[in-house]
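Listed below are the residues making up each chain.
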Amino acid sequence: MALQPPNKIRALILDKVTPILIVLVFGGVVIPAFLYLIEPQMREYFSGGAFHRSTQADILKNRETYLSDLRGFYDFYKDKGLGVDTELTTLVPSGGKTEELFGVFEAAGQEFGASLQVIDIARVASVKTRKESIQDIMFTLKYAGVDYETFKKLLAYFETSQRLTDITAISFDPVGRFASITVKVYYTQEKKR
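Conventions we followed
Residues numbered from 1 in each chain as written. Predicted model: local features only at pLDDT ≥ 70, side-chain atom pairs only at ≥ 80, totals over all residues. Heavy atoms only, no water. Phe/Tyr/Trp six-rings, centres within 6.5 Å; stacked < 30°, edge-to-face > 60°. Helix = DSSP H or I, 4+ residues; strand = E, 2+ residues; numbered from the N terminus. Buried < 20%, exposed > 50% of the residue type's maximum accessible area, 1.4 Å probe, protein only. Salt bridge = Lys/Arg side-chain N within 4 Å of Asp/Glu carboxyl O. Pairing = 2+ DSSP bridges. Core = buried A, V, L, I, M, F, W, Y, C linked by side-chain atoms within 4.5 Å. Contact = heavy atoms within 4.5 Å. Expected span 1.5 Å × (residues − 1). Arc of directions from axis to C-beta. Axes fitted to C-alpha atoms, helices over the stretch in contact; angles between N-to-C directions. Parallel < 35°, antiparallel > 145°, perpendicular 65-115°, else oblique. Left-handed = near helix turned anticlockwise from the far one by under 90°.

1. Describing the packing of aromatic side chains
Scanning all chains against the criterion turns up 6 aromatic pairs. Residues F112 and Y157 carry aromatic rings whose centres are separated by 6.2 Å and whose planes lie at 65° to one another, so their mutual orientation is edge-to-face. With F112 in the loop between α3 (98-111) and β1 (115-124) and Y157 in helix α4 (residues 148-159), the pair connects residues that are 45 residues apart, well separated along the chain. A residue is classified by how much of its surface remains accessible, and Y157, at 23% relative accessible area, is partly exposed. Joined through ring pairs, the aromatic side chains of F105, F112, F139, Y157 and F158 make up one cluster.

2. Concerning the pattern of salt bridges
Applying the stated criterion across every chain yields a total of 1 salt bridge. Across the pair E149 and K152 runs a salt bridge whose closest N-O atoms are separated by 3.5 Å. Of this pair, E149 and K152 are both found in helix α4, 3 residues apart, which corresponds to roughly one turn of the helix.

3. Let's talk about the pairing of strand β3 (residues 165-173)
Pairing of β3 with strand β4 (residues 178-188), which is carried by 8 bridges, proceeds in the antiparallel orientation. Bridge pairing links I167 to V183 in β4.

4. Let's talk about the nonpolar core
Counting 19 residues, the largest nonpolar core has F105, F139, L141, Y143, F158, I181 and V183 as the members making the most contacts within it. Residue assignment for this core shows that the elements contributing at least two residues are α3, β2 (134-144), α4 and β4. Apart from residues no more than four positions distant in its own chain, F158 is found in contact with F105, L141, Y143, T165, I167, I181 and V183.

5. Quick look at α4
The end-to-end C-alpha distance of α4 is 17 Å, a good match for the 16 Å that 12 residues give at a rise of 1.5 Å each. Within the sequence span of α4, burial applies to T150, F151, L154, L155 and F158. Buried residues along α4 cover an arc of 135° about the axis, so they all sit on one side. Contacts made by the buried residues of α4 are with α3, β2, β3 and β4.

6. Quick word on the packing of α3 against α4
At a minimum axis separation of 10 Å, α3 and α4 run at an interaxial angle of 140°. Viewed along their axes, α3 and α4 adopt a mutual orientation that is oblique. Where α3 crosses over α4, the handedness of that crossing is right-handed. Contacts from V104, F105, A108 and G109 of α3 reach α4 at L154, Y157 and F158.

7. Overview of α3
Along an α-helix, a turn takes 3.6 residues, which lines up residues three or four apart on a common side. Its 14 residues give α3 an end-to-end C-alpha distance of 20 Å, which sits within 8% of 20 Å, the value for a rise of 1.5 Å per residue. Listed as buried for α3 are T98, L101, F105, A108 and G109. Angular distribution of buried residues about the axis of α3 spans 95°; they occupy a single face of the element. Opposite the buried face of α3, at more than 90 degrees from it, the exposed residues are E99, E100, Q110 and E111.

Without other data, these values stay purely geometric and don't point to any function.
Set out below in structure tokens:
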């Protein structure tokens, strides 16, 4: 059965107007809900909102604490900083002069009643080629006249030395009273002026 002309016009109008009515009804519900329910909650997170102000206050407090810590470190460095360089040069001196170390190793042996017989030197090339990289030298020290107590004292000497020293190998012959200690010492290259 075909629609009557007035019903046909109503059907066409309703067909064209229905999407607009749906948008208006949806907008009439969603927009007020957003403005009265969601937007006030979001406003707290925007600039100037309560949550935003508290977050910024926390960030400011953390940065002020960090700044005061930095000032404390700076004051400490100013007070103690000059001595630190001398302590570092004691740990890792510059130059790598082996002549000085000969005397140190011989004096260590004499202090504990052993005599230094042989020193073998092996310079280890650094992997990095920077100007101020740390280099190392391997020494194999052979002492004579070493008993067990002297051997322990020698090892303790190298372990407690102010100069950074690594013991890489040891051997001890209690019958022949010989000890061999391989140590690695570190140095920085001297700055060229």
